[in-house]
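Below, each chain spelled out in residue letters.
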Amino acid sequence: MTDMEDSRTQTILRKPEWLKIKVPKGKQYISVRDIVKEHKLHTICTSGHCPNLHECWGRGTATLMILGDICTRSCGFCNVKTGRPPGLDQKEPERVAESVKLMNLKHCVITSVDRDDLDDGGADIWARTVKEIKTLNPHTTIETLIPDFDGREELINRVIESGPEVVSHNLETVRRITPWARSRAKYETSLKVLDIISRSDTVSKSGIMVGLGETREEVIETMDDLRKVGVEVMTIGQYLQPSRKHLPVIEFIAPEQFSEYKSIGLDKGFRFVESSPLVRSSYRAEKHVIPIVVYNAAENYKPYNE
Ligand code: SF4
């Protein structure tokens, strides 16, 4: 048994105060919840047991998950169902675009499960979804949080060329912990994906979870790796175990440590660093399009790192 496997048997750590969240439920929350239900949409907010669900839905934002709700991979930290997905829903791009319109989103985040069963990894549906959203919602900006497409440049470029303003791909954790936490995905492949994104005209973004047993030095090394491939926006949040079957939390990182990561990241040249315990990759994602002219004029504009 390796140290990592051994840690799965450790006692569950008690959540510290700073991770306890309020659950606001207003009109906006109810409206997003109803649209999601009516249009049979999948969201990573519910699939991933996101701690910010009520806050985001309450602000009228949601991260929509395309290509179904069954992933062909099985990462140890992730709560998305895993298995053999059924065929493709060719009407999904139109349905998602209509829902974005109904939700009246100024900015939307689209992500997907991994579809290693498809020849194109789902790139065609990805590109069509972005284009449909743009056609029906010409003033909505889009972030695509993409899978690694096994590092296949032509597939990644298909998504980029469909025109999202931000393209993100999460590194999820530091190099050493990657084989333990992620299934099939490789640290180097993810860096290659991010390099392809950075060489395009979009904003490139990546995120990691902390609390999986990584050291401070490893987090800093990860920042260096991301900067080397030109990533501009980085998110860092606390890993929370979705159930006892998932990887255990090794440590709850103190808020002060998150603040330190943020200043180190900014010193290293990231344009934006979102680092605090409840940060998730799409949390308040609308701020990451600030460099794009469209959002500079938005009503609630606030400099991101204030
Ligand atoms: S690739 Fe891993 S993290 Fe992404 S949805 Fe599938 S199981 Fe979850």
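Owing to the predicted nature of the structure, the values given are computational and were not obtained by experimental measurement.

Q: Sorry, what's going on with the overall build of the chain here?
A: Within the chain one finds 12 helices and 10 strands. Out of the 306 residues belonging to the chain, those deemed buried represent 45%. The long-range share in the chain, meaning contacts at least 24 apart out of those at least 6 apart in sequence, stands at 75%.

Q: I would appreciate a short explanation of the sheet that holds strand β10 (residues 272-275) in the present structure.
A: Two modes of strand pairing occur in sheets, parallel and antiparallel, and in both the strands are linked by backbone hydrogen bonds. The eight strands are arranged β1-β2-β5-β6-β7-β8-β9-β10 in an open sheet whose pairing can be described as mixed. In the strand order of this sheet, the two ends are held by β1 (42-43) and β10, each with one partner. Two strands pair when backbone bridges link them, and strand β5 (residues 107-112) and strand β6 (residues 141-145) are joined in this way by five bridges, in the parallel orientation. Among the inter-strand pairings, C108 is bridged to a residue of β6, identified as I142. Here helix α11 (residues 255-267) sits on the sheet and contacts β9 (233-238) and β10; the angle it forms with β10, its principal contact strand, is near 170°.

Q: It is not clear to me how the packing of helix α6 (residues 123-136) against helix α7 (residues 153-161) should be interpreted in this structure. Could you clarify?
A: The packing of two helices is summarised by the inter-axis angle and the distance between the axes. Axis separation between α6 and α7 bottoms out at 8 Å; the angle between their running directions is 10°. The angle between α6 and α7 falls in the class roughly parallel. Note on packing geometry: the crossing formed by α6 with α7 is left-handed. Residues A123, W126 and A127 of α6 form the contact with α7, whose participating residues are L155, R158 and V159. Residue classes in the contact of α6 with α7 are distributed as five nonpolar, no polar and one charged.

Q: Looking at this structure, how should I read the site of the ligand?
A: Close to the ligand lie C71, R73, S74, C75, C78, V80, T82, V113 and D114. Classifying every residue of the shell around the ligand by side-chain character gives five nonpolar, two polar and two charged.

Q: Got a minute to help me understand helix α9 (residues 187-198) in this structure?
A: With 12 residues, α9 extends 16 Å from end C-alpha to end C-alpha; this agrees with the ideal 16 Å at 1.5 Å per step. Among all positions in α9, only S190, L191, V193, L194, I196, I197 and S198 are buried. Against the buried residues of α9 lie α7, β7 (166-168), β8 (203-210) and α10 (216-228).

Q: Looking at this structure, how should I read the pairing of β6?
A: Side chains on a regular strand alternate between the two faces of the sheet. β6 sits mainly inside the fold: five of its five residues count as buried. Of the two faces of β6, the one holding T141, E143 and L145 and the one holding I142 and T144 are both buried throughout. Crossover connection from β5 via α6 to parallel β6: handedness right-handed. When β6 meets β7, the two strands line up parallel, connected through three bridges. Bridging from a neighbouring strand, E143 pairs with V166 of β7. Crossover β6 to β7 through α7 is right-handed.

Q: I would appreciate a short explanation of the environment of V210 in the present structure.
A: By the element assignment, V210 lies in strand β8. For V210, a count of 25 C-beta atoms within 10 Å translates into the label buried. Linking V210 and G237, residues 27 residues apart in sequence, is a C-alpha distance of 6.1 Å.

Q: Would you take a moment to explain the pairing of β10 for this structure?
A: The alternating pattern of β10 places F272 and E274 on one face and V273 and S275 on the opposite face, and all of these are buried. Summarising the sheet, β9 and β10 pair through four bridges and their orientation is parallel. Looking at the pairing, M234 lines up with V273 of β10.

Q: Which parts of the structure should I look at to understand helix α5 (residues 92-103)?
A: Helical geometry: 3.6 residues make up each α-helical turn, so side chains three or four residues apart lie on a common side. With 12 residues, α5 ought to run about 16 Å at 1.5 Å a step, and its terminal C-alpha atoms sit 16 Å apart, in line with that. Inspection of α5 places E92, P93, V96, A97, S99, V100 and M103 among the buried residues, and these make up the whole buried set. For α5, the angular spread of buried residues about the axis comes to 160°, placing them on one side. On its buried face, α5 is in contact with α2 (27-38), β2 (63-66), β5 and α6. Two residues or fewer past α5, N104 is found with a positive phi of approximately 60°.

Q: I would appreciate a short explanation of the nonpolar core in the present structure.
A: Nonpolar side chains in soluble globular proteins tend to be buried together. In terms of nonpolar packing, the biggest core is built from 77 residues, with L64, C108, V159, V210 and M234 touching the most fellow members. Excluding residues that lie within four positions of it along the chain, M234 makes contacts with S206, G207, M223, L226, G265, F270 and V273.

Q: So what exactly am I meant to see when it comes to unusual backbone geometry here?
A: For residues that are not glycine, phi is negative in most cases, and the peptide bond is trans in most cases. Here N104, not a glycine, exhibits a phi torsion of approximately 60°, which is positive. Checked against the element boundaries, N104 lands in the loop between α5 and β5. For N104, a count of 12 C-beta atoms within 10 Å puts it in the exposed group.

Thresholds, definitions, all that
Residues numbered from 1 in each chain as written. Predicted model: local features only at pLDDT ≥ 70, side-chain atom pairs only at ≥ 80, totals over all residues. Helix = DSSP H or I, 4+ residues; strand = E, 2+ residues; numbered from the N terminus. Buried ≥ 20, exposed ≤ 12 C-beta atoms within 10 Å, placed from the backbone. Contact = placed C-beta atoms within 7 Å. Pairing = 2+ DSSP bridges. Axes fitted to C-alpha atoms, helices over the stretch in contact; angles between N-to-C directions. Parallel < 35°, antiparallel > 145°, perpendicular 65-115°, else oblique. Left-handed = near helix turned anticlockwise from the far one by under 90°. Nonpolar A, V, L, I, M, F, W, Y, C, P; charged D, E, K, R; others polar. Near = placed C-beta within 6 Å. Expected span 1.5 Å × (residues − 1). Right-handed = clockwise from strand over helix to strand, strands pointing away. Arc of directions from axis to C-beta. Core = buried A, V, L, I, M, F, W, Y, C linked by C-beta atoms within 7 Å.

The values reported here are purely geometric and, on their own, carry no functional implication.
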